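# Analysis of the macromolecular model
For reference, the chains in residue letters:
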Amino acid sequence: MSSLGDQVRDWHQGVLAVAREDWDCALCLFSNVREPLAKMYFNMGCVHLMAGDPEAALRAFDQALTKDTCMAVGFFQRGVANFQLERFQEAVSDFQLALAQLRGNAAIDYTQLGLHFKLQAWEVLYNKASAQCQAGLWTNAVDTLEEAISKWPEGAQDILDIALDQAQKQVPLQLRQVPKGEVFQPPRQYLKHLEPVDFLGKAKVVASVIPDNHNPDIQPRQRFKEGPVGHPSSPAMGGPKSPAPCYSLLASGVPTEDPAGAGGAAAEDLEPLVTATLQCHFTVPLKVPRGTGLSSLRTLLAQAFLHHAQTGQLSYKAPGDEKSWIPILTEESLQSVWRNVAIGPRGLQLQCRPTLLPQGAWGRPVLYQVVARHNYPAQKPEDLDFHQGDTVDVLCEVDEAWLEGHRDGCTGIFPKCFVVSADVCVEAPPVLGPQPGDQQ
């Protein structure tokens, strides 16, 4: 079943097809709209008229007027279809019905409804007179034109005078209709939702890791400075899956601009560049004013992540060891990493964990701890996954069957039956068989 967006898109594409006079494509797109409105049937009727099929146009206008019995322009165009089919009495009736829907007004402007056409009362009477001429009712045609001249002469006096002279001489009148190519268009507010929105923005390279890169869009290569550089990371970066935001850091492996801090290395000597993949796990509480805009919210998020990235615990993964992370506690330990770690093909893997996690999930008290009895893979984004033997901090008892917990930088819910309290999770002693001397 097509969505509302798909239907609006088909409607809009159908209007574009009418503009390029691709009648078959326009009809196909208009007919794809589920439960079409009177406007859609009206559009199909106009396309049939432009394609030279008044019989199909008549059926479409019938559908439109069934949906909207007050559509004056629908009666007007149905009168045109009947006129082309030489059903002149029916055409006279349709033009009279269109005039009745004007309710004594000189015109109805359909521009605000999506149709760039203003239906004039004098045009309706002019067409009625034209159908009367074709039916041989010349006297009635003259009376109709005289009515039009007496009521709505502004802007059409010359046209009506010429038509009256032709009717008196029993010369047929040329029919008027909605201009070719004009159909109802979808509301503008609907079209705005069809435009893609780039919530992430465009990436900008601030430092190249490729030597002698002469791309003018890239700024000159700079030495690595402390401070996070945020870019969305992909699952290929490694590390445990986490619903918390993950960021990767692509930067120079030069340790510092300070020669003393680099163990005496000269500032002007560039060291070989290293790709560093940084995995971050943060759950950040924010107080946001109600009604905050998207740009302001992103600014708050950037400030929060910047603070936690600067204060979090950094660790690195030794190549060949996919499980353990070794903390980087001091400047000396980081320099030791640069000097001694053999960089693998994936570069240096770093991890930044918030230092407040052992005290709970960002200020939330830990009720108790449980140990996983079985593996639990997350089924939904709000789930917390874990493996058998993992310890989980319980933050809330959701209901009788579910708990909310925190583990390894992630917060989520999980089934209570998959865990057991850490207090009772003690390895049971082996069951021994009967020993000699035991009483039966």
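Residues numbered from 1 in each chain as written. Predicted model: local features only at pLDDT ≥ 70, side-chain atom pairs only at ≥ 80, totals over all residues. Heavy atoms only, no water.

This part takes up the overall build of the protein. A tally of helices and strands in the protein yields twelve helices and eleven strands. The buried share of the protein, taken over its 440 residues, is 37%. Here the contacts in the protein between residues at least 6 apart in sequence split such that 58% fall between residues at least 24 apart. Accessible surface computed for the protein: about 26,000 Å², of which carbon and sulfur atoms make up 53%. (Helix = DSSP H or I, 4+ residues; strand = E, 2+ residues; numbered from the N terminus. Buried < 20%, exposed > 50% of the residue type's maximum accessible area, 1.4 Å probe, protein only. Contact = heavy atoms within 4.5 Å. Areas by Shrake-Rupley, 256 points an atom, 1.4 Å probe, with all protein chains shown as cover.)

A negative phi holds for most residues other than glycine; trans holds for most peptide bonds. The phi angle at Glu 86 is positive, at roughly 65 degrees, despite the residue not being glycine. Following the sequence through the fold, Glu 86 ends up in the loop between helix H5 (72–84) and helix H6 (88–102). Taking relative accessible area as the criterion, Glu 86 reaches 62% and is therefore assigned exposed. Positive phi, close to 60 degrees, is recorded for Gln 170, a residue that is not glycine. Structurally, Gln 170 can be placed in the loop between helix H9 (157–168) and helix H10 (188–192).

This part takes up the nonpolar core. By size, the foremost hydrophobic cluster in this structure holds 68 residues, and its most contacted members are Phe 30, Phe 42, Val 73 and Leu 145. Considering each element in turn, this core owes the most residues, nine residues, to helix H3 (residues 38–50). For Leu 145, the contacting residues outside a window of four places in its chain are Tyr 126, Ala 129, Leu 160, Ala 163, Leu 164, Ala 167 and Leu 173. Core analysis: the second largest hydrophobic core is formed by eleven residues, Leu 384, Val 392, Val 394 and Val 419 among them. (Core = buried A, V, L, I, M, F, W, Y, C linked by side-chain atoms within 4.5 Å.)

Now for helix H7 (residues 121–134). In this model H7 runs 20 Å from its N-terminal to its C-terminal C-alpha over 14 residues, within 8% of the 20 Å that 1.5 Å per residue would give. Looking one or two residues past H7, Gly 136 carries a phi angle of roughly 85 degrees, positive in sign. (Expected span 1.5 Å × (residues − 1).)

Strand order in this open sheet of five strands is E10-E9-E8-E7-E11, and the pairing throughout is antiparallel. In this open sheet, the two strands that pair with only one neighbour each are strand E10 (410–415) and strand E11 (419–421). Ignoring which end each strand starts from, the neighbouring axes of this sheet average 45 degrees apart. The pairing of strand E8 (residues 391–397) with strand E9 (residues 402–407) spans four bridges and is antiparallel. Bridge pairing in E9 places Cys 396 opposite Glu 404. (Pairing = 2+ DSSP bridges. Axes fitted to C-alpha atoms, helices over the stretch in contact; angles between N-to-C directions.)

What follows concerns the packing of helix H4 (residues 54–67) against H5. Two elements in contact, H4 and H5, have axes whose closest approach is 9 Å; the angle formed by their N-to-C orientations is 155 degrees. With respect to each other, H4 and H5 are oriented roughly antiparallel. Crossing of H4 over H5 shows left-handed handedness. Of H5, the residues touching H4 (which contributes Pro 54, Ala 57, Leu 58, Phe 61, Asp 62 and Leu 65) are Gly 74, Phe 75, Gln 77, Arg 78, Ala 81, Asn 82 and Gln 84. (Parallel < 35°, antiparallel > 145°, perpendicular 65-115°, else oblique. Left-handed = near helix turned anticlockwise from the far one by under 90°.)

Close contact between H7 and helix H8 (residues 138–151) brings their axes to 8 Å; oriented N to C, the two are set at 170 degrees. Overall, the two elements H7 and H8 adopt an arrangement that is roughly antiparallel. Contact with H7, carried on its side by Leu 125, Tyr 126, Lys 128, Ala 129, Gln 132 and Cys 133, involves Trp 138, Asn 140, Ala 141, Thr 144, Leu 145, Glu 147 and Ala 148 of H8 and no other residues of that element. Considering only residue class, the contact of H7 with H8 consists of eight nonpolar, three polar and two charged. (Nonpolar A, V, L, I, M, F, W, Y, C, P; charged D, E, K, R; others polar.)

In an α-helix, one turn spans 3.6 residues; hence positions three or four apart end up facing the same way. Helix length check: H8, at 14 residues, gives a terminal C-alpha distance of 20 Å against a target of 20 Å (1.5 Å per residue), a fit within 8%. Burial in H8 covers these residues: Trp 138, Ala 141, Val 142, Thr 144, Leu 145, Ala 148 and Ile 149. Projected down its long axis, H8 shows its buried positions confined to an angular sector of 160 degrees, all on one face. Among the exposed residues of H8, those oriented more than 90 degrees off its buried face are Thr 139 and Ser 150. (Arc of directions from axis to C-beta.)

On to the pairing of strand E7 (residues 368–372). Examined bridge by bridge, E7 and E8 share four bridges and lie antiparallel to one another. Pairing of Val 370 across the sheet is with Val 392, part of E8. Sheet analysis places E7 next to E11, joined by three bridges and oriented antiparallel. The residue bridging Val 370 from the neighbouring strand is Ser 421, located in E11.

Another point: the confidence of the model for the protein. The predicted model of the protein averages 75 in pLDDT, with 66% of residues at 70 or higher. Ranking the elements of the protein by mean pLDDT puts strand E3 (residues 276–280) last, at 68, and H5 first, at 95. In the predicted structure, residues 218–269 sits below a pLDDT of 50 and forms 107 contacts with residues beyond four places in sequence or in another chain. Low confidence marks residues 426–440, where pLDDT is under 50. Its contacts with residues over four positions away, or in another chain, come to zero contacts. (pLDDT = per-residue confidence, 0-100.)

For the structure on display, the rule yields nine aromatic pairs. Aromatic side chains Tyr 376 and Phe 386 sit 5.8 Å apart centroid to centroid with 40 degrees between the ring planes, which places their arrangement in the tilted category. With Tyr 376 in the loop between E7 and E8 and Phe 386 in the loop between E7 and E8, this residue pair connects regions lying ten residues apart in the sequence. In this structure, Tyr 376 and Phe 386 share a single accessibility class: buried. Taken together through their ring pairs, the aromatic side chains of Phe 42, Phe 61, Tyr 110 and Phe 184 make up a single cluster. (Phe/Tyr/Trp six-rings, centres within 6.5 Å; stacked < 30°, edge-to-face > 60°.)

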